[in-house]
Amino acid sequence: ALVGSPRSISPLSPLSHRRLQLLCCPIARVMWHVVTALVGCVIVTVVGTTSTGGSEHRLRNNLAEPSDGAPQTEVVYYLGDPQIGFSGNVTLDTIRFGLAAAAARADPLTTATVVAGDLVNVWNSPVQIAGYKSVWQTDDVAWWQVPGNHDVNSEATSVDTALGALAHYRSVFGPRDYSNTTTRFASLVMVNSEMLILPYLGLNGTADPRIIAPVEAQWGWLEGQLVAARAASTTRPHIVLVMHHPPFLSTENEAHQYYNMPLVPRKRLLTLCRTYGVKTLLTGHTHTTTNRSTTDGIAIYTTAGTARAFDHQGCGYRTLTMDAESLTVAYVQLPKGGGAPGCEPTADTHGGTPATAGASTV
């Protein structure tokens, strides 16, 4: 069923009351002037609803507060690949990424911002890293990110190369390449999918304990987090995984290719999701903005991000609006899709249901 149709709002209207705050730093001033010069609208489309109460819920304007004084609704911002430098223009990629981050910071209902990997295009580029860090505020405790294959290479063919890239990521972006947090209504689990698939890609078949030990440690940690999340589901009903690689593109048992997970870790991941009641996966990697799901209703989202889009959705970000009974996903397209180079809408090349096609309700 179609939960919502695209609607237009004035460019950056959610940010207008924060203009003075945004103008306080040089990169924000650049972002403000570039975006206000663009002609177009931000397109908001409701693309999916998960209802834990057995019936569909729509986005609500009623923000009545419960007895404890906290808002009845919260929003998690979900940013796809920033991949600074991928468009060929580091400055523009940084500006577009900054717009998505600024929207999250301006929203009074934001409780977390998650970034689904590929923070930069070249893992050790000082210029690209500086671009990302000019937007990412390291003291922002509500900001969570995972590495992508451009940050820690899951196709590395040398153990030393793979571990070196992982150590570099931890030194540059912080020690948490996988992590967890909780909000009022959700348990968010951030997964380093690149390490989980490394033994089936570049290091296919490896038995090297320097790889297998940390990989198995993360699998064990992930299950432990899901056990805890399920135990807390009466107060935080939504369990959400954030990772870079989507498990699959169209169907759960499809063959492995560049844009999906190898079959063995894919099956292991989805088994954990089914065992512990995970209904929502937020991913990146494909540079498309799509909705897909398993036959039993595990919703898997991809978001193109803010550097390049390979489909007609352009560049933008998503929001997850949650309350005690429902989780609704919306896609927000940047003005003119984010523009050239990189974000001009094109034909969809990687399958999946386009984000503007409607809603998936589970």
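It should be emphasised that the depicted structure is a prediction, and the values quoted were computed from it without experimental measurement. (Residues numbered from 1 in each chain as written. Predicted model: local features only at pLDDT ≥ 70, side-chain atom pairs only at ≥ 80, totals over all residues. Heavy atoms only, no water.)

Peer 1: I would appreciate a short explanation of the pattern of salt bridges in the present structure.
Peer 2: Oppositely charged side chains can form a pair if their charged atoms are brought close together. Within this structure, the stated rule accounts for 8 salt bridges. For the salt bridge of Arg210 with Asp160, the shortest nitrogen-to-oxygen distance reads 3.0 Å. Taken together, the positions of Arg210 in helix 7 (residues 209–231) and Asp160 in helix 5 (residues 159–173) put the pair 50 residues apart, joining distant regions of the chain. On the accessibility criterion, Asp160 (54% relative accessible area) is exposed. The structure contains a network of salt bridges with shared partners spanning Asp160, Asp208 and Arg210. (Salt bridge = Lys/Arg side-chain N within 4 Å of Asp/Glu carboxyl O. Helix = DSSP H or I, 4+ residues; strand = E, 2+ residues; numbered from the N terminus. Buried < 20%, exposed > 50% of the residue type's maximum accessible area, 1.4 Å probe, protein only.)

Peer 1: Explanation requested: helix 4 (residues 126–135) in the structure shown.
Peer 2: An α-helical segment advances 3.6 residues per turn. Residues three or four places apart therefore align on the same side. Buried within helix 4 are the following residues: Gln128, Ile129, Gly131, Tyr132 and Val135. Here the buried residues of helix 4 occupy an arc of 155° about the axis, which is enough to place them on one side. Opposite the buried face of helix 4, at more than 90 degrees from it, the exposed residues are Pro126 and Val127. Residues of helix 4 that are buried sit in contact with helix 3 (90–106), strand 4 (110–115), strand 5 (143–145) and helix 5. (Arc of directions from axis to C-beta. Contact = heavy atoms within 4.5 Å.)

Peer 1: Explanation requested: the pairing of strand 9 (residues 280–283) in the structure shown.
Peer 2: On any regular strand, side chains alternate: one points to one face of the sheet, the next to the other face. Covered by surrounding structure in strand 9 are Thr280 and Leu282 together with Leu281 and Thr283, the residues of both alternating faces. With 3 bridges joining them, strand 8 (residues 238–242) and strand 9 adopt parallel strand pairing. Note that in strand 9 the partner of Leu241 across the bridge is Leu281. The parallel pair strand 8 and strand 9 is bridged by helix 8 (residues 263–276), and the resulting crossover is right-handed. Two strands pair when backbone bridges link them, and strand 9 and strand 11 (residues 299–302) are joined in this way by 4 bridges, in the parallel orientation. Across the sheet, Thr283 pairs through a bridge with Thr302, a residue of strand 11. (Pairing = 2+ DSSP bridges. Right-handed = clockwise from strand over helix to strand, strands pointing away.)

Peer 1: Can you help me understand the nonpolar core in this one?
Peer 2: One broad rule of soluble globular proteins: the nonpolar side chains tend to lie buried together. Residues Tyr132, Phe173, Leu222, Leu226, Leu241, Leu269 and Leu281 are the most contacted members of the largest nonpolar core, which totals 62 residues. For this core, the secondary structure elements donating two or more residues are strand 3 (74–79), helix 3, helix 4, helix 5, helix 6 (193–197), helix 7, strand 8 and helix 8. If near-sequence neighbours (up to four positions away) are discounted, Leu241 is found in contact with Val189, Leu222, Leu226, Leu269, Cys273, Val278, Thr280, Leu281 and Leu282. Residues Val76, Ala116, Val146 and Leu282 belong to the second largest nonpolar core, which totals 20 residues. (Core = buried A, V, L, I, M, F, W, Y, C linked by side-chain atoms within 4.5 Å.)

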